[in-house]
Amino acid sequence: MTGMTQLNRNLGMVLRGVGVSPGIVLGVAARMDREDVQIERVHLPTGLLEAEVSRLGDAVNRAALQLDELQRSLVESDLAEGEHLGVLNAHKVMLRDPMLLGEAEQRIRTQCLNAEWAIHETVQHIQEIFARMEDPFFRERVSDIQHVAGMLMRALLGEDDGADLGMSVRPGEVVVASSLSPAETLSLARLPVAGFALEDGTATSHTAIIAHSLGIPAVVGVGRLTEHVGNGENIILDGAEGEVIVHPSQDEELVYGRRARRARAFLKALRQNRELPAVTPDGYGLVLRGNLDIAEGCARIADAGGTGIGLFRTEFLFLDRTTLPSEDEQYATYSQVLAATAPEPVTIRTLDIGGDKLLRVERPEAAAALGLRAIRYCLKDRALFDTQLRALLRASAHGNLRVLIPFVTSLGEVKAVRKILGELRAQLQSEGRPMAPEIPLGAMIETPAAALISDLLAGAVDFFSVGTNDLIQYTLAISRDETAGEYLYNPLHPAMLRTLQMVARAGRSAGIDISMCGEMAGDPRYVLVLLALGFHELSMTASSIPAVKEVVRRTPRSDALVLLQKIMNMSSAEEIADYVDSYMVEHFSDLVTPRMREAPRYAR
Ligand code: PEP
Ligand code: MG
């Protein structure tokens, strides 16, 4: 996926990675190299051990204060996204996690160690355990733990005073590093830096997500980046194409400069559609909503011109913590989002635990990667599920709530949820709690099973929300987590088009709303196909809303229907994708990347 092309001496060296946040920067590289902290192993006399434990406690408090400070300044500077605050919260929880803090304290007491060495050994131990795990979720957590341990170490060594997380990058520079923690990324964003180029990372790593939502161009997974880019060197970063050009030639600077100016002018023009409805020139209206992972990101959706929330992934309330959120805590979060979004609807999805999202809390049954996931898990863990549903029912009094069931594979699951909701409603009524009289209930169509029985499900729910991220991986038998199979990911595969058509037809005949909340919905290349298939609502990351709206506003639905008919008669995924790419280049050359303009994706 990543690679390097050495060009002749009149051109710069092009390093390729994954573009995770669009935008072109011509700038100066600021290398961020972490010097390894020198620590020593010290054997302490027994009489000093408790003092050493409290020294560690003080360091934890200082590191937590630093994170609080970072959170506060982000909120004040309006740079905070829900995800960022959530990551910082997760780091605060990790600081006090028994696996880290508890084990380090135990090492001080039982092995008479100094706090620095106790932390060092504990982190080594955690790394060894996690390295043996196959699950990418745990591998991601290792880097979080390393970052938290790094903060703790700096606090212990007294190197944290006003050091702004130990960074020396100047505003306007392009950060070049092997990796960055989410906290470091946030802190750098405040300067603000012009871009991020990283050797590590994937499109779904926290750092990539943060850079994207803050609108800072970023390329990750750039092989051998730090070997080739020195501090202060001129580079060009193209966050859409995933390129870093080292020592660019004058010609390259001119070309990329032009591209950058065009992109900036286009984004400015796009922002002007914020207040406009997503209606085609022949009067077909689509509702564009935002996807929300953590409550605080709510304002960005409205700012981008979105109407309400089409998917609130509640799992992020449950992850990275060692206790479950209580009914009152959940109620407070849901109510806040509902009240802030009212009268527009908020679709809150019940817990989608399993897959790569696992609870750290001991429960009678463990969720699984595939089998016992989402609604299947929740129906087995009624204490957890009932708590969430009670919180949702109570929160319904504060806005326009719709409840969405994830990973549905049978009619029985929908019926079970309706029954439980009825029982809990009666319970809450007897407690005198106010609730909305009607709460629409929807099913996620994200498994081939759900798609195949969509006619049966349509009679039992009030709306469908198609989750293409899972639906594509299970229909095309490719993993969302493995980059090796990425070339097979194609939402326009005939199998997908047929599946989507079947679901849309089932929804239409039952007269229910058909929406989509998977990544396909936020990609301008697919909007016309979805419009033609009869989707009513598309829900996406806030920053994708303006471009998607633009496609809708510029294309009559009659044109979209012709396009759909044409591709439905094609038999190969590659032919369809290339046809749609060419259509986009012809009609929306301002919305597509330069590489796509050069050649459609399979013709390259
Ligand atoms: C999906 O599968 O498309 C979806 C929206 O859910 P998630 O990405 O949370 O699995
Ligand atoms: Mg899903």
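Computed from a predicted model, the values in this text were never measured in an experiment. (Residues numbered from 1 in each chain as written. Chains lettered and ligands numbered in written order. Predicted model: local features only at pLDDT ≥ 70, side-chain atom pairs only at ≥ 80, totals over all residues. Heavy atoms only, no water.)

J.: I'd love a proper account of the coordination of the magnesium ion (ligand 2), names of residues and values included.
T.: Donor atoms from the polypeptide that bind the magnesium ion (ligand 2) are Glu-446 (OE) and Asp-470 (OD), placed at 2.0 to 2.1 Å. Highlighted residues: Glu-446 in the loop between β14 (441-445) and α16 (448-452) and Asp-470 in helix α18 (residues 468-475), separated in sequence by 24 residues. For the residue pair Glu-446 and Asp-470, the accessibility class agrees, reading buried in each case. (Donors = N, O, S within 2.8 Å, 3.2 Å for Na, K, Ca; no water. Helix = DSSP H or I, 4+ residues; strand = E, 2+ residues; numbered from the N terminus. Buried < 20%, exposed > 50% of the residue type's maximum accessible area, 1.4 Å probe, protein only.)

J.: Which residues make up the packing of helix α14 (residues 382-395) against helix α15 (residues 411-430), and what are the values?
T.: Running from N to C, α14 and α15 point in directions that differ by 65°, and their axes come no closer than 10 Å. For the element pair α14 and α15, the recorded crossing hand is right-handed. Contact residues: α14 offers Arg-382, Phe-385, Asp-386, Leu-389, Arg-390, Leu-393 and Arg-394, while α15 offers Val-417, Ile-420, Leu-421, Glu-423, Leu-424, Arg-425, Gln-427 and Leu-428. A class-by-class count of the residues in the contact of α14 with α15 yields 8 nonpolar, 1 polar and 6 charged. (Axes fitted to C-alpha atoms, helices over the stretch in contact; angles between N-to-C directions. Left-handed = near helix turned anticlockwise from the far one by under 90°. Contact = heavy atoms within 4.5 Å. Nonpolar A, V, L, I, M, F, W, Y, C, P; charged D, E, K, R; others polar.)

J.: Can you tell me about the environment of Ala-194, naming the residues and giving the values?
T.: Residue position: Ala-194 is located in the loop between α6 (182-189) and β6 (195-198). The spatial distance from the C-alpha of Ala-194 to the C-alpha of Ala-218 is 9.1 Å, given a sequence separation of 24 residues. Contact partners of Ala-194, with chain neighbours within four places excluded, come to Val-25, Gly-172, Glu-173, Val-174, Ile-216 and Pro-217.

J.: I'd like to hear about the nonpolar core, residue by residue, with values.
T.: Side chains of a nonpolar character, in soluble globular proteins, are inclined to be buried together. Counting residues in hydrophobic clusters, the biggest one holds 104 residues, and the most contacted among them are Tyr-334, Phe-464, Leu-500, Met-516, Phe-535 and Leu-538. Apart from residues lying up to four places away in sequence, Leu-500 is in contact with Val-466, Leu-471, Met-516, Met-520, Leu-530, Leu-533 and Phe-535. Within the second largest apolar cluster, 35 residues are counted, among which are Leu-44, Ala-64, Leu-100 and Ala-155. (Core = buried A, V, L, I, M, F, W, Y, C linked by side-chain atoms within 4.5 Å.)

J.: Pulling in residues and values, what's your account of the pairing of strand β17 (residues 537-540)?
T.: Side chains Glu-537 and Ser-539 project from β17 onto one buried face, and the interleaved Leu-538 and Met-540 project onto a second face that is buried too. As judged from the 4 bridges shared by strand β10 (residues 287-292) and β17, these two strands associate in the parallel manner. When the bridges of β17 are listed, Leu-288 appears paired with Leu-538. As judged from the 2 bridges shared by strand β16 (residues 513-516) and β17, these two strands associate in the parallel manner. (Pairing = 2+ DSSP bridges.)

J.: Run through the pairing of strand β15 (residues 463-466), naming residues and quoting values.
T.: Residue alternation in β15 divides its side chains into two sets, Phe-463 and Ser-465 and Phe-464 and Val-466, and both sets are buried. Pairing analysis gives 4 bridges linking β14 to β15, with the strands arranged parallel. Residue pairing across strands places Gly-442 opposite Phe-463, the latter belonging to β15. Here 4 bridges tie β15 to β16, and the two strands are oriented parallel to one another. Its bridge partner lying in β16, Ser-465 is registered against Ser-515.

J.: With reference to specific residues and values, describe the pattern of salt bridges.
T.: When the charged atoms of two side chains with opposite charge come close together, those side chains can pair. Scanning the model with the defined rule gives 29 salt bridges in all. With its nearest N and O atoms 3.8 Å apart, the salt bridge here joins Arg-402 to Asp-513. One end of the pair, Arg-402, is in strand β13 (residues 400-405); the other, Asp-513, is in strand β16, and 111 residues separate them in sequence. Here Arg-402 falls in the buried class, since its relative accessible area comes to 8%. According to the relative accessible area criterion, Asp-513 is partly exposed, its value standing at 32%. Three or more residues are tied together by salt bridges with common partners; here these are Glu-327, Asp-328, Arg-390, Arg-394, Glu-431 and Arg-433. (Salt bridge = Lys/Arg side-chain N within 4 Å of Asp/Glu carboxyl O.)

J.: Tell me about the sheet that holds β13, residues and numbers included.
T.: Read around the closed barrel, 8 strands run β10-β11-β12-β13-β14-β15-β16-β17, paired in parallel fashion. In this sheet, adjacent strand axes meet at a mean angle of 25° when their direction is disregarded. Packing against the sheet, α15 makes contact with β13 and β14, and its axis sits at approximately 150° to β14.

J.: Tell me about the packing of aromatic side chains, and please be specific about residues and values.
T.: According to the stated counting rule, one finds 2 aromatic pairs in the structure shown. On the basis of an interplanar angle of 85° and a centroid distance of 6.2 Å, the ring pair of Phe-312 and Tyr-334 is categorised as edge-to-face. Of this pair, Phe-312 sits in strand β11 (residues 309-313) while Tyr-334 is found in helix α12 (residues 327-341), placing the two residues 22 residues apart along the sequence. For the pair Phe-312 and Tyr-334, one class covers both residues: buried. Note on Phe-407 and Tyr-474: the rings are 6.0 Å apart at their centroids and 70° apart in plane angle, and the pair reads as edge-to-face. Highlighted residues: Phe-407 in the loop between β13 and α15 and Tyr-474 in helix α18, separated in sequence by 67 residues. The exposure class of Phe-407 is buried, given its relative accessible area of 2%. Since its relative accessible area comes to 27%, Tyr-474 is described here as partly exposed. (Phe/Tyr/Trp six-rings, centres within 6.5 Å; stacked < 30°, edge-to-face > 60°.)

J.: Give a detailed account of the site of ligand 1, specifying residues and quantitative values.
T.: Surveying the vicinity of ligand 1 reveals 14 residues, the closest of which are Arg-313, Arg-349, Gly-467, Asn-469 and Arg-480. The separation between an oxygen atom of ligand 1 and a polar side-chain atom of Glu-446 is 3.0 Å. In this structure, Thr-468 approaches ligand 1 through a main-chain N or O atom, which is 3.1 Å from an oxygen atom. In isolation ligand 1 has 290 Å² of accessible area, and contact with the protein removes 98% of it. For the shell around ligand 1, the secondary structure elements donating two or more residues are β11 and α18. Residues that form the shell around ligand 1 fall into these classes: 3 nonpolar, 4 polar and 7 charged. (Near = heavy atom within 4 Å. Polar contact = N/O pair within 3.5 Å; in protein donor to acceptor, adjacent residues only side chain to side chain. Areas by Shrake-Rupley, 256 points an atom, 1.4 Å probe, with all protein chains shown as cover.)

J.: Lay out α12 with the relevant residues and their values.
T.: The first and last C-alpha atoms of α12 sit 21 Å apart over 15 residues, in line with the 21 Å expected at 1.5 Å per residue. Considered for burial, the residues of α12 that qualify are Glu-327, Gln-330, Thr-333, Tyr-334, Ser-335, Val-337, Leu-338 and Thr-341. (Expected span 1.5 Å × (residues − 1).)

J.: Now, about α14: what can you tell me, with residues and values included?
T.: A rise of 1.5 Å per residue sets the reference length of α14, with its 14 residues, at 20 Å; its end C-alpha atoms lie 19 Å apart and thus fit the reference within 8%. Extensive coverage of α14 is indicated by the burial of 11 of its 14 residues. If you check which residues of α14 are buried, you get Leu-384, Phe-385, Asp-386, Gln-388, Leu-389, Arg-390, Ala-391, Leu-392, Leu-393, Arg-394 and Ala-395. Looking at the buried residues of α14, the elements they touch are α11 (315-318), α12, β12 (345-349), α13 (374-380), β13 and α15.

J.: Just give me the short version of a positive patch on the surface, but keep the residues and values in it.
T.: Positive charge collects at one region of the surface, where Arg-258, Arg-261, Arg-262 and Arg-264 lie side by side. Structurally, Arg-264 can be placed in helix α9 (residues 250-271). (Patch = residues over 30% accessible without salt bridge, like charges linked within 9 Å, V, L, I, M, F, W, Y side chains within 5 Å. Lys, Arg positive; Asp, Glu negative; His and termini not counted. Charge placed at Lys NZ, Arg CZ, Asp CG, Glu CD.)

J.: Which residues make up the confidence of the model for the protein chain, and what values go with them?
T.: The predicted structure's coordinates, where accompanied by low pLDDT, should not be read in detail. For the protein chain, the mean per-residue pLDDT works out to 86, and 86% of the residues sit at or above 70. Every residue in residues 1-9 scores below 50 in pLDDT, and together they form 22 contacts with partners more than four places removed in sequence or on other chains. Residue range residues 161-167 is modelled with pLDDT below 50. Its contacts to residues more than four positions away, or to other chains, number 13 contacts. (pLDDT = per-residue confidence, 0-100.)

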